[in-house]
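Residues per chain are reported as follows:
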Amino acid sequence: MMKYKDSTLSAKVRAEDLLGRMTITEKVGQLNQRLYGFQAYSRENNSIEILDEFKEEVKKWNGLGFLYGLYRADPWSGRDERTGLSGAVAVKAYNLLQAYVMDHSRLGIPMLVTSECPHGHQALEGYLLPVNLAMGASFSRKLVYQTYRICGRQMRELGVDLALISMLDILRDPRWGRSEECFGEDPYLASVMSQAVVKGVMEEGVDVVAKHFAAQGETTGGINASAARIGERELREIHLPAADYCVKAGVSGIMAAYNEIDGIPCHANAWLLNSILRDEMKFQGIVMADGLAVDRLKDLTGNTKAAGIQALNAGVDVSLWDEGFTYLEDGVGSKITEERLDEAVLRVLNLKFRRGLFDHPLLGESSKIFDFSGAEENLELARQSVILLKNEGRLLPIDQTEKIKIAVIGPNAFDLYSQIGDYSPPLKHGITVSDGMIAYAEQNKNLQIGVSSGYDQHGNVDAGKIRDLAFDADVTVLVLGGSSSRFGKAKFDNNGAAITDGSDIRMDCGEGVDLSSIELPKDQQQMAAECYQAANKTVTVVIAGRPYDISKTAEKTDALLYAFYPGPKGGRAIAELIFGDARPSGRLPVSLPKSVGELPVYYNHRNSYQAMHYVDQKGPLYPFGYGLGYDKLNYSEFSISTEEIHAVCLKEEPLVITMKIENLSDHLAFGVPMVFLSHQEGSVIPRKRELKGFEKRLLSPGETICVKIRLGYEAFSVWNERMSYGPEKGRVQLQVKDGDTLLWSKIVKLV
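About the criteria used
- Residues numbered from 1 in each chain as written.
- Predicted model: local features only at pLDDT ≥ 70, side-chain atom pairs only at ≥ 80, totals over all residues.
- Heavy atoms only, no water.
- Helix = DSSP H or I, 4+ residues; strand = E, 2+ residues; numbered from the N terminus.
- Rg over C-alpha atoms; globule rule 2.2 N^0.38 Å.
- Buried < 20%, exposed > 50% of the residue type's maximum accessible area, 1.4 Å probe, protein only.
- Contact = heavy atoms within 4.5 Å.
- Areas by Shrake-Rupley, 256 points an atom, 1.4 Å probe, with all protein chains shown as cover.
- Salt bridge = Lys/Arg side-chain N within 4 Å of Asp/Glu carboxyl O.
- Pairing = 2+ DSSP bridges.
- Axes fitted to C-alpha atoms, helices over the stretch in contact; angles between N-to-C directions.
- Phe/Tyr/Trp six-rings, centres within 6.5 Å; stacked < 30°, edge-to-face > 60°.
- Lys NZ or Arg CZ within 6 Å of the ring centre and 35° of its normal.
- Parallel < 35°, antiparallel > 145°, perpendicular 65-115°, else oblique.
- Left-handed = near helix turned anticlockwise from the far one by under 90°.
- Arc of directions from axis to C-beta.
- Disulfide = S-S within 2.5 Å.
- Right-handed = clockwise from strand over helix to strand, strands pointing away.
- Patch = residues over 30% accessible without salt bridge, like charges linked within 9 Å, V, L, I, M, F, W, Y side chains within 5 Å.
- Lys, Arg positive; Asp, Glu negative; His and termini not counted.
- Charge placed at Lys NZ, Arg CZ, Asp CG, Glu CD.
- Core = buried A, V, L, I, M, F, W, Y, C linked by side-chain atoms within 4.5 Å.

Q: Go over the overall build of the protein with me, naming the residues and quoting the values.
A: Per the secondary structure count, the protein includes 21 helices and 32 strands. Against the globule reference of 27 Å for 751 residues, the protein gives a C-alpha radius of gyration of 26 Å, in line with a compact fold. Each principal axis of the C-alpha distribution contributes one length, and for the protein these read about 75 × 70 × 50 Å. Per-residue burial for the protein yields a buried fraction of 63% across its 751 residues. Partitioning the contacts of the protein with sequence separation of at least 6, the portion at a separation of at least 24 is 76%. If you sum the accessible surface of the protein, you get close to 27,800 Å²; carbon and sulfur atoms cover 46% of it.

As structure tokens, then:
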């Protein structure tokens, strides 16, 4: 028996044996991921047919390395409930395609299936979650882990090998349309959330490709894929930690980013992909290209063939839709060493063996597809992600025991696709804010609900209807915000990004939708003005995929809730928060600016200047970490394990901050203590504050708990003037905050 067919041998031994039997063409074929999987088949009822494009690709390479997006369903793919794959039909299609690949591969090599999972599986009946910004706002790594385990379970049962998940980008400019794909503006928050995602999915048997590497969120002027004009220290401090956390969690793949860093595109950056990712971080998995990014390197190389060679030599192992990697065979022996080609192929083969594809390539067609109808984790994540920013006169929660008339007004109260984010599949079911509010009225005769989208039948702002509804109501719930919905007039670029000229006013966020202004849409501003003038009391809910300038809204409204796209059950979560059956516990993962003119507005700027402090305006409107609750908590009895920290001992003996939290209310309540650190001296200018630890704990009425937050070696380490990483001696200020309230502060000494 040939070694690679012997299941008793290790994946490494089998992969090396198989590699030695392959031709150059077969090797290059393993690195190409050119096909759009949703174009590999046609469906007629329950019948699946393999299309010629798929067959030709398999013939070209004598096999197939990867198949992208077999289950993808959205307006770009053109797949829906009638033409796409779900349930038993999905399993049937997978088996048909996988069997064809193995039957037409000289060596019987199976393919890997990759699938997008930006905020849940982008597939029909996919388990969808609130977007990353909402996950960051929850400050609950445990809940993020739990929700992604469900996603992983669903993908595993559909034969998905690699989940492509955005998690490495740090939001530094809210004009960027892809803001929603970030966990926030803070590297530590993004790091622990990313690690939770990787662990959740991989523990269910699906490998993860974390994207994008690196610094894509820095942008120039908020423009997607634009240059990150930063130095090495900023790159290391802000944009690399999340990737390092993913590597430590065992992530199997890293996707390179479109942008350039100091003039070098990430896909051509050997220092980034090899020196940092592989040598420093010790990453062992595959580096995957972003869609068509390799071909974009012809701006450097002059032609597409040279672009593919450049990317492979720089450290990219696997392509995505591009033409450049199809020419790799031409460069072997002259511009590409066979050793480098074999290195990349071996990583792919090792992954296939490790996943057991050679031994169990097909799915059991009679197996039960995972049913997540009872999985409420995405609802709980929505509840915990909504942020209460203002509650004047304790208007919220609304008392359900008294008769009250409520008006629900605004477009985002009715549009389900405006609360689920970019890159979402068609939905059969969901709960809008209007649905959630009406459900309460149906169960409680004290509540009388009147509703309006705010538009007349011609799509114009219906000022008269808005005024009449608001004037007649005791409380008006005004639901505003943005939309990343592709289910409108959006057109698409060849990499799936939206192309819009702004005429589709309902899509003002998402990939390809970068803005020069971060104000709410003008028609919504008009609605708000009419509503605030006529209403008795107003609760404003902003549902968004980015930080908006909501200064006027915050000034006029009585209560203010901010919900980064909270997912298909977000409307129920928001209604529960309004009526007090859920308690607000979200905290801002990103600062909200007062205007576009004060950008950048992140909290962790350096101490060398006074950020967001103009003569005519002092910002931000609401800072990172801000968030109110309905219930009173008392923090007390702070203590610290030592006031003199020995740097050499930090790896084994982290600093421990201990506190007590008491719930003084008669409701369940969340405490969200955050530990910030600021170096008071050192070889480089320190940042004003840096998040280094946090906890989220639920307390019963009257309960007192003890919370310990540990700060280890990394918490105190800096990239010094020699670009060497480690703790520096000197004074360090520690602060504990919840929301924007300073609870405790202490100066300690690092020796």
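There's more to say after this.
Q: Please provide a residue-by-residue account of the pattern of salt bridges, values included.
A: Per the stated rule, a full pass over the model turns up 52 salt bridges. Two residues, arginine 149 and glutamate 204, come together in a salt bridge whose shortest N-O distance is 2.7 Å. Taken together, the residues span a long stretch of sequence, with arginine 149 in helix α6 (residues 141-157) and glutamate 204 in the loop between α7 (187-202) and β6 (207-213) at a distance of 55 residues. Using a relative accessible area of 28% as the deciding quantity, one classes arginine 149 as partly exposed.

Q: Run through the sheet that holds strand β11 (residues 387-391), naming residues and quoting values.
A: Taken in spatial order, the six strands make up an open sheet running β11-β18-β17-β14-β12-β13, and their pairing is mixed. Two strands close off the open sheet at either side, each with one partner strand: β11 and β13 (447-452). Taking the axes of each pair of neighbouring strands and ignoring which way they run, one obtains an average angle of 15° across the sheet. As paired strands, strand β12 (residues 404-409) and β13 are joined by six bridges and run parallel to one another. When the sheet's bridge partners are listed, alanine 407 is paired in β13 with glycine 450. Of the strands in this sheet, β12, β13 and β14 (475-481) touch helix α17 (residues 463-472), which is tilted by about 155° from β12. Each of β12, β13, β14, β17 (538-544) and β18 (559-564) is contacted by helix α20 (residues 570-579), which is oriented at about 155° to β17, the strand it contacts most.

Q: Before we move on, could you go through the packing of aromatic side chains and cite the residues and values that matter?
A: Within the structure shown, the criterion is met by 22 aromatic pairs. Ring centres of tryptophan 76 and tryptophan 321 lie 5.6 Å apart, and the angle between their planes is 55°; on these two criteria the pair is classed as tilted. Taken together, the residues tryptophan 76 in the loop between β3 (66-68) and α4 (87-103) and tryptophan 321 in the loop between α12 (304-314) and α13 (328-331) connect sequence positions 245 residues apart. One exposure class covers both tryptophan 76 and tryptophan 321, and it is buried. On the numbers, 4.8 Å between centres and 40° between planes, the contact of tryptophan 719 with tyrosine 725 is tilted. In this structure tryptophan 719 comes out as buried when scored by relative accessible area, which is 15%. With relative accessibility at 34%, the residue tyrosine 725 sits in the partly exposed group. An aromatic cluster is built from Phe139, Tyr188, Tyr603, Phe624, Phe676 and Phe694, whose rings are joined through pairwise contacts. Of note, arginine 79 hangs over the ring of tyrosine 41, and the distance from its end group to the ring centre comes to 4.1 Å.

Q: With reference to specific residues and values, describe the packing of helix α3 (residues 52-61) against α4.
A: Describing two packed helices takes the angle between their axes plus the distance from one axis to the other. Direction vectors running N to C along α3 and α4 enclose 30°, while the axes themselves pass 10 Å from each other. As far as their axial angle goes, α4 and α3 are roughly parallel. Two packed elements cross with a definite hand, and for α3 against α4 that hand is right-handed. Packed against α3, whose contacting residues are Phe54, Lys55 and Val58, the element α4 presents Leu97, Tyr100 and Val101 at the interface.

Q: How would you summarise the sheet that holds strand β28 (residues 704-711) if you had to cite specific residues and measurements?
A: An order of β21-β23-β28 is seen for the three strands of this open sheet, with the pairing classed as antiparallel. Every other strand in the sheet has two partners, leaving β21 (633-640) and β28 as the edge strands with one partner each. Pairs of neighbouring strands in the sheet enclose a mean axial angle of 25°, with direction left out of account. The pairing of strand β23 (residues 655-663) with β28 spans eight bridges and is antiparallel.

Q: Would you mind going over the environment of serine 105 in detail, with residue names and values included?
A: Position of serine 105 among the secondary structure elements: in the loop between α4 and β4 (112-116). Its relative accessible area of 7% is what places serine 105 among the buried residues. When the C-alpha positions of serine 105 and aspartate 342 are compared, they lie 19 Å apart, and in sequence the two are 237 residues distant. Other than its neighbours up to four places away in sequence, serine 105 contacts Asn62 and Gly63.

Q: How would you sum up α17? Please name residues and give values.
A: Buried within α17 we find Ala463, Ile466, Leu469 and Ala470. End-on view of α17: buried residues confined to an arc of 140°, all on one side of the axis. In α17, the exposed residues that point more than 90 degrees away from the buried face are Asp468 and Phe471.

Q: I'd love a proper account of α20, names of residues and values included.
A: Summarising burial for α20: nine of the ten residues are buried, a large majority. Those residues of α20 that fall on the buried side of the exposure criterion are Gly570, Gly571, Ala573, Ile574, Ala575, Glu576, Leu577, Ile578 and Phe579. Glycine 580 sits one or two positions beyond α20 and adopts a positive phi of about 90°.

Q: I'd like a rundown of the environment of leucine 668, residues and numbers included.
A: As for its position among the elements, leucine 668 is in the loop between β23 and β24 (669-671). Since its relative accessible area comes to 44%, leucine 668 is described here as partly exposed. Along the backbone, leucine 668 and proline 75 are 593 residues apart, and their C-alpha atoms lie at a distance of 42 Å. What leucine 668 contacts, discounting residues up to four positions off in sequence, is Arg583, Asp631, Asn663, Leu698, Leu699, Ser700 and Pro701.

Q: Got a sec to walk through the environment of leucine 480? Specific residues and values, please.
A: With respect to the helices and strands, the residue leucine 480 is situated in strand β14. On the accessibility criterion, leucine 480 (0% relative accessible area) is buried. It is 46 Å that separates the C-alpha atoms of leucine 480 and alanine 314, two residues lying 166 residues apart in sequence. Once you skip the residues sitting within four places of it in the chain, leucine 480 turns out to touch Asn412, Leu520, Gln524, Ala528, Thr540, Val541, Val542 and Ile543.

Q: So what's going on with the state of the cysteines? Which residues, and what values?
A: Here the structure, examined in full by the defined rule, presents zero disulfides. Free of any disulfide, cysteine 117 has its nearest neighbouring cysteine sulfur in cysteine 151, separated by 4.5 Å. Take cysteine 117: its relative accessible area is 0%, and that puts it in the buried class.

Q: Which residues make up the pairing of β12, and what values do they have?
A: Of all six residues in β12, five are buried, a share of seventy percent or more. Viewed along the sheet, the connection from β12 through helix α16 (residues 433-443) into β13 turns out right-handed. Two elements, β12 and β14, share four bridges in a ladder whose sense is parallel. Residue pairing in the sheet places alanine 407 in a bridge with threonine 476 of β14.

Q: Please provide a residue-by-residue account of a negative patch on the surface, values included.
A: Residues Glu49, Asp52, Glu53 and Glu56 make up a contiguous surface patch of negative charge. Tracing the sequence through the fold places glutamate 53 in helix α3.

Q: Tell me about the nonpolar core, residues and numbers included.
A: Core analysis: the biggest nonpolar cluster contains 138 residues, and Phe54, Tyr148, Met167, Phe213 and Leu691 have the highest contact counts within it. Among the elements that take part in this core, α7 stands out by supplying nine residues, more than any other. Not counting residues up to four positions away in its chain, the partners in contact with leucine 691 are Phe139, Asp186, Tyr188, Leu189, Tyr603, Phe624, Met674, Val675 and Phe676. Judged by nonpolar contacts, the second largest core, of 71 residues, contains Val433, Ile466, Tyr622 and Tyr630.

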